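# What the coordinates show
So you can see what is in the structure, the chains are spelled out below.
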Number of protein chains: 2
Amino acid sequence: MPDFTDRLKPAAPDGTTVLAQERGQSDVPVDELAKHLLSNDDFLGRQERMLRIVEKDPLFNKTKQFNLSRPDRFKLGLARGKKLRRYSDQYGWDAKDHEMAVYLCDDVTPYMVHYAMFITTVREQANDEQRAYWSPKIDAMEVIGCYAQTELGHGSNVRGLECQAFWDPKAKEFIIHSPTLTASKWWNGTMGRTANHAIVMAQLMLPKEGSPGEYTSRGPHTFVVQIRDMKTHKPLDGIAVGDIGPKYGYAPMDNGYMLFDRHRVPHSAMLSRYSRVDPNTSEYTKPANPAVVYGSLTYVRATIIMHARLIIARAVTIAVRYTCVRRQFQDRDSKDAKAPELCVLDYPTVQIRILPLLATAFALHYTGEAMQSLYWNTREEINQGNFGRLAVLHAQSSGLKSLCTELAANSIETCRRAMGGHGFGGPSGFIQLNNDYLSKPTVEGDNWMITQQTASFLIKRMQAAVDRKGKPQDEIEGHCRQYLDEKNGYKPSQLRVFDRDEDIVEAFRRRSRDQTYRAHVARNEQKQSWNSLLIQLRRVSHSESQSILVQNFYNALQQKDSAVSSTLHAHLRTLFRLFAFYTMDSEARDFSRAKAVSDDDLDKIPAKIQELMAQVRPHAVRLVDSWKIPDFLLDSALGRYDGKVYEDLFNRAHRLNPLNEITFNPYYKEEEIVKGSGENIDSILAKL
Amino acid sequence: MPDFTDRLKPAAPDGTTVLAQERGQSDVPVDELAKHLLSNDDFLGRQERMLRIVEKDPLFNKTKQFNLSRPDRFKLGLARGKKLRRYSDQYGWDAKDHEMAVYLCDDVTPYMVHYAMFITTVREQANDEQRAYWSPKIDAMEVIGCYAQTELGHGSNVRGLECQAFWDPKAKEFIIHSPTLTASKWWNGTMGRTANHAIVMAQLMLPKEGSPGEYTSRGPHTFVVQIRDMKTHKPLDGIAVGDIGPKYGYAPMDNGYMLFDRHRVPHSAMLSRYSRVDPNTSEYTKPANPAVVYGSLTYVRATIIMHARLIIARAVTIAVRYTCVRRQFQDRDSKDAKAPELCVLDYPTVQIRILPLLATAFALHYTGEAMQSLYWNTREEINQGNFGRLAVLHAQSSGLKSLCTELAANSIETCRRAMGGHGFGGPSGFIQLNNDYLSKPTVEGDNWMITQQTASFLIKRMQAAVDRKGKPQDEIEGHCRQYLDEKNGYKPSQLRVFDRDEDIVEAFRRRSRDQTYRAHVARNEQKQSWNSLLIQLRRVSHSESQSILVQNFYNALQQKDSAVSSTLHAHLRTLFRLFAFYTMDSEARDFSRAKAVSDDDLDKIPAKIQELMAQVRPHAVRLVDSWKIPDFLLDSALGRYDGKVYEDLFNRAHRLNPLNEITFNPYYKEEEIVKGSGENIDSILAKL
C-alpha cells in the first residue's frame, strides 16, 4: 500500500554512495583474490550455478521464515529438502552440487544425516552383500536413514553407551534393548520424524558360554535397524522414537530420541565389514583397525576448518559493509562543529573487533588448504597405512578443530556486538547463523575435551626428544630437540618479529614448544595427575594450533608457484602480520615466559596492531567482497553488497512483517487480543 | 499415552541421589546466605508471594512456548501483560510486586516501556499542569505509552537525531516531521503494536526571527504525541508506525518504527518542566540542568548490576547442578577398569568455566549493593546537587555497566558450552535467557563506547594529581597522587597477594592507576588523538571497574556489623580470592607492567586458582542453592533443584513436544508433507 514513506530517502551519504567510495579507494584485485581463495573444486562456478536455481524459487525465500512456528519451520524444511532432491534428479546434480545448494539456502534439511552419516556408514562398514542390498534403496531414498550413536546419558564417551544388542543364537537374531532411560538415543538428527531406518550404535552382548543368561560385552558396534513402518511411517512396535523439541537453531532438523524394548532384528542387521558374529557358531571376529579412518578424519577436519573460514568471512562481510555505512558522532578532536559524523569502522574500538577476524578468515583458509592438499598428496600412502607427516598433522587436527570452530563461533557474536543496535535485529543476518553455528564447538568432539588428544601427542614427542634415541621420528620431535638445545643458551632478543616474518613463525613455534615442555615436566617429571593438568593441556593444544595457523599462512605467502600479483601479495602479508600480532598480543605473557618475544617488543605490539589495522581499513570492503558471499546467502539488510542498509531495514519492517497485519486490543480490562475479533487467548493457551 | 518407557529409570546414580549427596557434604548455611544476599527490600519474601500466584496460572507455563510463531508469541505476551495488570488490581500489587512477577515469568510484556520509560519521563519532565492531565490516564492505562528516542540512523548520538518539531506560532502548534528515512524512530519498545501515545524525542526547531521559512535548532526535546486512534487503535493520519520484526529474543515485545509526515500536535505536547516555548511570544526557555538525574543514573546502573548478578547466578545454578549430575569418562589415571565415571564438575576444565563465574555473581552483588546504599545514604545531599563521593562513583558507573553486563552476557554462553550437548537444547533454559540478555551490552550505552566516559574522568583526575593544587578533590585524585609518589621508589615485591587480602585490593588499585597514568601520558603529554586511544581507554575503564569490584567485595568481608557466621565468612573469602585471582590471571601482563604483582607470583596464580576451585567444589551446589532461583524461573531440565535432569528431558521430548503429534510424509517424490493429509506446502509458502 503506497504511503508517504515511499518518497523518503536515507540521510546523505547513503550506503550505496559510501560503498562505491570504499570500493573506489582500494586496489585489492577482488576477482584475483576470489579465484585465489575459492577455485578449489570449482567452488565459485558451482556457487554461481546453484545460486541461479535456488534464488528464484520462492520456497527458498528466507526473509519471513523467522515468524514461523517450530512445526511450520519443520514442514518448510522438509519441503525444501524434497525440492532440492527433486532438483538433483532434474539437473543431474552431484553430491557437491547438492551440498552447495543447501549451503546457499542456509537452512538445514531433515534429510541431512541421511546424506551425511547414514550413507557414509553403510558404505564404509557394511560388507559387500549388505552394501548391495542397501545401496540402491538408500540412493532412491526409499530407505531414509539416521545415525543413532549419542544417548541421553553419554556423548563423548562412546564406550560408555548403554544401548545393548544381545545375540540370540537360537533365533539368529539380535535383540536391541535400552535398559535405562539414559540409554535413550538422543540428539540424533533426521531420526525424530523423518527416517525409517537408523544406524544404531549398541554394545554387542554375546552369550557367555556355559553361563546361560550371562553375556560378555564386546563394545559398541553398528546395526542397521528399521524404525518406522514403510507405509504408515509410524514407529515399529517396541520402539519409542520422536523429536526432542526446540533447541538453539536447526529448527527444520528433527533431532530425535529413541528407545528399544527388546526389539528383534535379523543377523544381517549388524554391519560386518570389519567385525562380525558367525550366525552358526556365534564366534566373534574383532574389527581390524581401519587405518583409512585416520586419514579421512584429517580430511573431515580440514573441511570443518574450511567451513569455519566461510562462517568468519560471512560475519565479517556483514560487519565491514555495515560499519562503513553506519556513521555515529563527530571526531571528538575536530574543531569543526559541522564536521560529518565518522563512519564507525574508523573507530579503532570497532576495527579491533572486526579486522583481526578478517585476517583470521585468511589464516584458517591456508591451514584448511594445507591439510586438504597434504591429504590428497599422500593419499596413496595413507591407503597403505603409511602416514608420515600426516600422522603429525592428524594428531594436531583435534586442536585445530577446537581452536578454529571456537574462533568462528566467537566471531559471529563479536561482529554482532560491534554493529551496535542493528546487530541485534533479525535483518542483521546473524540470528540463524549464530544459533546454528553455536553447536560446532560441542559436536564432533567437544572443544575443551579434544585438546587433550593434541597435548597428549605433543608431550609424548617431547619425552622422545628428551630421551633422544636415534633420528627424530617426525618434525615435531625435531622441533622439540631444537627447543631443548636452545633452551639454556637462548636469548630472547634474537628474534626480530617486526622486521622478519620468519621470526614471527619461529616465535610462535618456540612459544608452543615452551608450553609443551612445561606440560611434559608437570606430567612426566613431577608426575602430576592427568586431570589436574587439563587446563594447562588446553593451552598446549591452542599454542600449537596457533603456531600451525601462522606457519601455514606464512608458507602460503612464500609460494612462488601460486603466482599472486604483487599488489595482492602485499595485502595478504598485511593480513598475515595482523593475524599474527593480534594473536601474539592476546597471549603476550606466554611469549614473554617462553622468551620467544622480548617484553619491549611485546609492549610495542598494540601500536603495531593499530598501524596494521589502519593499513587494512581502506581495503576492508574489497577484501570482504573477495570472499564472494552472495546476498542470497547473507540474507542481511546490514551486509548487502549494494549498501542499501536502511532501505532494506525499513522495507522488511514496514512491508514484510506479518505482525503489522494484525491490530491488537491493548486495553487490559478487555480479554480480547485481536481488535474487533473477540478472539481471546484460549487457542494459544491450548498450545502451552 | 502409557508405553514401555514409563517404567524406565536413569542409570544410577540418578540426579536426585547425586544432588542430595552434594548438599550433604557441604556446610554452607543456605538460608543464612540467601538472607545475606536477598533481604534488601524483602526480595525473598516478595519472590515467594508472587511465585505462589503466577506459577499456578497456566498462562505462564513456559515449557512449550518456544514452539509458537512470532505472532502467537506476541499475542501470548499481550495476554500475559494484561493478566499481570489485572492481578495488580486484584491483589493490590505495588510496582515492585509487578516487576517481580514479570521477572519470574521471564517474558517481557508489550507494556514494558509504558511502565518504565513512559511513566518516568512524564513524571520527571512534565510540568505540573501536564502531569495533572496525563497521570490519571496513564495510571489507568487508557493512555498506553512508549518512548521514541532512537532512530534508524542514530542511537548513541542523541544530538544527531533527525526527527524535527517545528514551532508554528500562528497555529500555536508543533509540526512533528521525519525528513528522511533514517529519521524513522526505531527499536522503540511497546510502540510497534501496543501504544496509543509516545514520548517523541525531536529537534526543537524555532522560526528565525526576520527570516521566514528558516529555523534554528534548539536540540532534542520531548513531546507527548498521540499516535493511534483511541477507538480503532489504527495509526493517526500522517503517522506510519509498526513493529520492526523478529530479532534476538524479546518475541513478545513490539519494538517499533515510526515516521511523521508533518504531523501537528498542540503546544501542550512539549513536556515543559525544564524548558518551554512561550505560546504567545515564541520565546524559548533553556532547560535547567536537572542535577537529580546525576544521582538517579547511579541508581539505575546499580540496578543493572544487581540484575546482572542474578543473570550470572541463574546461569551458574543450572551449570553447577547439571555438571554434578552429568558423568562422563573414568579417571584416566585410575587403575580400576570398573571405576565409575567422573562427575563432570570434577574436571578442572569444567570448573574453570563455571566456578569463577559463581564467584563473579558475588562480586557484582557487593558492588551493586555498595552503589545502592551510597545512593540512599547521600540522597539528601544529591537532591541538593551536592555529590561528594557519589560524583566519583557516578563517573565510574559507566565502566561498571560495561564490564558487568559483559561478564553476565558472556557467562551465559560460557556456562552453556561447559554443559556440552544438552546445553544446546531448549530444556537447558538458556535459549531465551541468552537471546534476551544479549541486548544488554548494547543498550543503555554501548559497552565499548561508554568506557570513554570513565577513562576521560580518570585521566582528568590524574592530570589534577600531576598538577597537585591544594587538597585532592576526591579519593580518586588522592589515589592518583599516592600512585605518583610511589611510582619511582616502588618495589613490586612489597605486596603479598597470597598472604594478605588487602594487598590484593591494593594490587588492583595500583594496576588501575598505572593504566590511567599511561593513558594520561598518551593523551595529555604526547597529545595523541582521542580516537587513536580508544582501545587503551577501554582498558583504563575495565581496570578501574575490576578494582572497584575487588574493593567492594573486600570491604563487605571486613564489615563487622553484617555479622555473618564464621562458616559463611570463610566461604565468602574463598570466593573473593577466587574472583580476584581469576581476574588477575586473565590480565596478568597488566599487573606485571604495573609492578603491582611480581612475575613469580603471577606464575603461581593458575595453581592457586585450581586450589581455590578445589575448595569451592564440594560447596558448589549449596552455594548456588543460596541464590534461591526458583525452578519456575529457571525453566530448565538441567538445572532443576531436585536433579531429575534426565526424567525431565525425556518428559519434554516424549510427552510435551507438539511436533511429535504430526506424522510426516518423508518421501521426496511426493509433495504431501503431512502423511495422509494431502497437505502440501502452499499454506506455508503464503507466509514466506
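Computed from a prediction, not measured in an experiment: that's the story for all the values here. (Residues numbered from 1 in each chain as written. Chains lettered and ligands numbered in written order. Predicted model: local features only at pLDDT ≥ 70, side-chain atom pairs only at ≥ 80, totals over all residues. Heavy atoms only, no water.)

In terms of helices and strands, chain A carries 24 helices and eleven strands. In terms of its C-alpha atoms, chain A occupies a principal-axis envelope of roughly 95 × 85 × 50 Å. Counted over contacts in chain A with a minimum sequence separation of 6, partners at least 24 positions apart contribute 73%. Accessible surface computed for chain A: about 26400 Å², of which carbon and sulfur atoms make up 50%. The distance from the centre of the 91 positive side-chain charges to the centre of the 85 negative ones in chain A is 2 Å. (Helix = DSSP H or I, 4+ residues; strand = E, 2+ residues; numbered from the N terminus. Contact = heavy atoms within 4.5 Å. Areas by Shrake-Rupley, 256 points an atom, 1.4 Å probe, with all protein chains shown as cover. Lys, Arg positive; Asp, Glu negative; His and termini not counted. Charge placed at Lys NZ, Arg CZ, Asp CG, Glu CD.)

Contacts between chain A and chain B engage 158 residues on the former and 158 residues on the latter. Buried area between chain A and chain B, both sides added, is near 13700 Å², and the carbon and sulfur share of it is 61%. Among the residues of chain A in contact with chain B, Tyr248, Phe424 and Tyr668 of chain A are the three that bury the most area, contributing 7% of the side total. The interface formed by chain A and chain B contains 16 salt bridges. Of the charged contacts in the structure, one is a salt bridge between Asp599 of chain A and Arg589 of chain B, with a shortest N-O distance of 3.4 Å. The interface formed by chain A and chain B holds 82 residue pairs in polar contact (both at pLDDT 80 or more) in total. With 13 residues, helix H4 (residues 70-91) of chain A is the single largest residue contributor to the side of chain A that touches chain B. (Buried area = accessible area lost by both parts, 1.4 Å probe. Salt bridge = Lys/Arg side-chain N within 4 Å of Asp/Glu carboxyl O. Polar contact = N/O pair within 3.5 Å; in protein donor to acceptor, adjacent residues only side chain to side chain.)

Moving on: the packing of helix H15 (residues 475-489) of chain B against helix H16 (residues 501-525) of chain B. Two measures define how a pair of helices packs: the angle their axes make with one another and the distance between the axes. Residue and element names in this part refer to chain B. H16 packs onto H15 with a crossing angle of 85° between their chain directions and a minimal axis gap of 10 Å. On the basis of the axis angle, H15 is roughly perpendicular to H16. Taken together, the residues of H16 that come into contact with H15 (itself represented by His479, Cys480, Gln482, Tyr483, Leu484, Glu486 and Lys487) are Glu506, Arg509, Arg510, Arg513, Asp514 and Tyr517. For the contact of H15 with H16, a count of residues per class yields four nonpolar, two polar and seven charged. (Axes fitted to C-alpha atoms, helices over the stretch in contact; angles between N-to-C directions. Parallel < 35°, antiparallel > 145°, perpendicular 65-115°, else oblique. Nonpolar A, V, L, I, M, F, W, Y, C, P; charged D, E, K, R; others polar.)

The subject of this paragraph is the relation of the copies chain A and chain B. Between chain A and chain B, the superposition needs a rotation of 180° and an axial shift of 0.0 Å, giving an RMSD of 0.0 Å. Classification of the inter-copy transformation places it as that of a two-fold axis. Closest to the rotation axis within chain A is the C-alpha of Ser69 of chain A, separated from it by 1.9 Å. Of the residues that chain A buries at the interface, 100% are likewise interface residues in chain B, meaning the two copies contact each other through the same surface. (Least-squares fit on C-alpha atoms with pLDDT ≥ 70 in both.)

Within the structure shown, the criterion is met by 50 aromatic pairs over all chains. On the numbers, 6.2 Å between centres and 15° between planes, the contact of Tyr91 of chain B with Trp93 of chain B is stacked. Assessed through its relative accessible area of 40%, Tyr91 of chain B is described here as partly exposed. Here the aromatic rings of Phe174 of chain B and Phe223 of chain B are separated by 5.0 Å at their centres, their planes lie at 70°, and the arrangement is edge-to-face. Remark: Phe223 of chain B occurs in strand E6 (residues 215-226) and Phe174 of chain B occurs in strand E3 (residues 173-177); sequence separation between them is 49 residues. Assigned by exposure class, Phe174 of chain B and Phe223 of chain B land together as buried. Three or more aromatic residues link up through ring pairs in this structure, and these residues are Trp187, Tyr248 and Tyr250 of chain A together with Phe424 of chain B. Taking NZ or CZ as reference, Lys137 of chain A lies 4.7 Å from the ring centre of Tyr133 of chain A, over its face. (Phe/Tyr/Trp six-rings, centres within 6.5 Å; stacked < 30°, edge-to-face > 60°. Buried < 20%, exposed > 50% of the residue type's maximum accessible area, 1.4 Å probe, protein only. Lys NZ or Arg CZ within 6 Å of the ring centre and 35° of its normal.)

Taken domain by domain, chain A consists of domain 1 (144-286), domain 2 (296-437), domain 3 (456-625) and domain 4 (657-688). Here the C-alpha centroids of domain 1 of chain A and domain 2 of chain A sit 38 Å apart. (Domains from an automatic or database assignment.)

Turning our attention to the sheet that holds strand E8 (residues 256-260) of chain B. Strand pairing in a sheet is mediated by backbone hydrogen bonds. Such pairs are either parallel or antiparallel. All names here are of chain B. Sheet architecture is open: three strands sit in the order E4-E8-E7, paired in antiparallel fashion. Sheet topology places strand E4 (185-188) and strand E7 (239-243) at the edges, where each strand pairs with a single neighbour. This sheet shows a mean twist of 15° between the axes of neighbouring strands, independent of strand direction. Sheet topology note: the E7/E8 ladder contains five bridges and is antiparallel. (Pairing = 2+ DSSP bridges.)

It is characteristic of soluble globular proteins that their nonpolar side chains tend to be buried jointly. Within the largest apolar cluster, 388 residues are counted, with the highest numbers of intra-cluster contacts made by Phe362 and Met584 of chain A together with Phe362 and Met584 of chain B. Every residue in contact with Met584 of chain B, bar those within four places of it in the chain, is listed here: Val497, Ile504, Ala507, Phe508, Phe591, Val597, Leu602 and Ile605 of chain B. (Core = buried A, V, L, I, M, F, W, Y, C linked by side-chain atoms within 4.5 Å.)

Residue and element names in this part refer to chain A. What the three strands build is an open sheet, ordered E4-E8-E7; its pairing is antiparallel. Each end of this open sheet is capped by a strand with a single partner; those strands are strand E4 (185-188) and strand E7 (239-243). Averaged over all neighbouring strand pairs, the angle between strand axes comes to 15°, with direction disregarded. The pairing of E4 with strand E8 (residues 256-260) spans three bridges and is antiparallel. The residue bridging Lys185 from the neighbouring strand is Met258, located in E8.

This paragraph deals with empty space enclosed by the protein. What the rule picks out here adds up to eleven cavities of 30 Å³ or more. For the largest cavity, the calculated volume is near 780 Å³. What lines the largest cavity is a set of 38 residues, and nearest its centre among them are Phe66, Ile431 and Asn435 of chain A together with Phe66 and Asn435 of chain B. Of all the secondary-structure elements, those providing two or more residues to the lining of the largest cavity are H4 and helix H13 (431-437) of chain A together with helix H4 (70-91) and helix H13 (431-437) of chain B. Grouping the constituent residues of the lining of the largest cavity by class yields 17 nonpolar, eleven polar and ten charged. (1 Å grid on protein atoms, 1.4 Å probe; cavity = no way out; pocket = protein on both sides within 12 Å on 5 of 7 lines; lining within 4 Å. Points joined across faces, edges and corners; volume = space filled by probe spheres on them.)

The next subject is H4 of chain B. Residue and element names in this part refer to chain B. For H4, which comprises 22 residues, the first-to-last C-alpha distance of 31 Å matches the rise-based estimate of 32 Å (1.5 Å per residue) to within 8%. A large share of H4 lies buried, amounting to 17 of its 22 residues. Downstream of H4 by a residue or two, Gly92 has a phi angle that is positive, lying close to 65°. (Expected span 1.5 Å × (residues − 1).)

Here the focus is the confidence of the model for chain A. Mean pLDDT for chain A: 94, with 98% of residues reaching 70 or above. Model confidence for the complex: the whole-complex pTM is 0.96, and ipTM, which rates the interface, is 0.96. (pLDDT = per-residue confidence, 0-100.)

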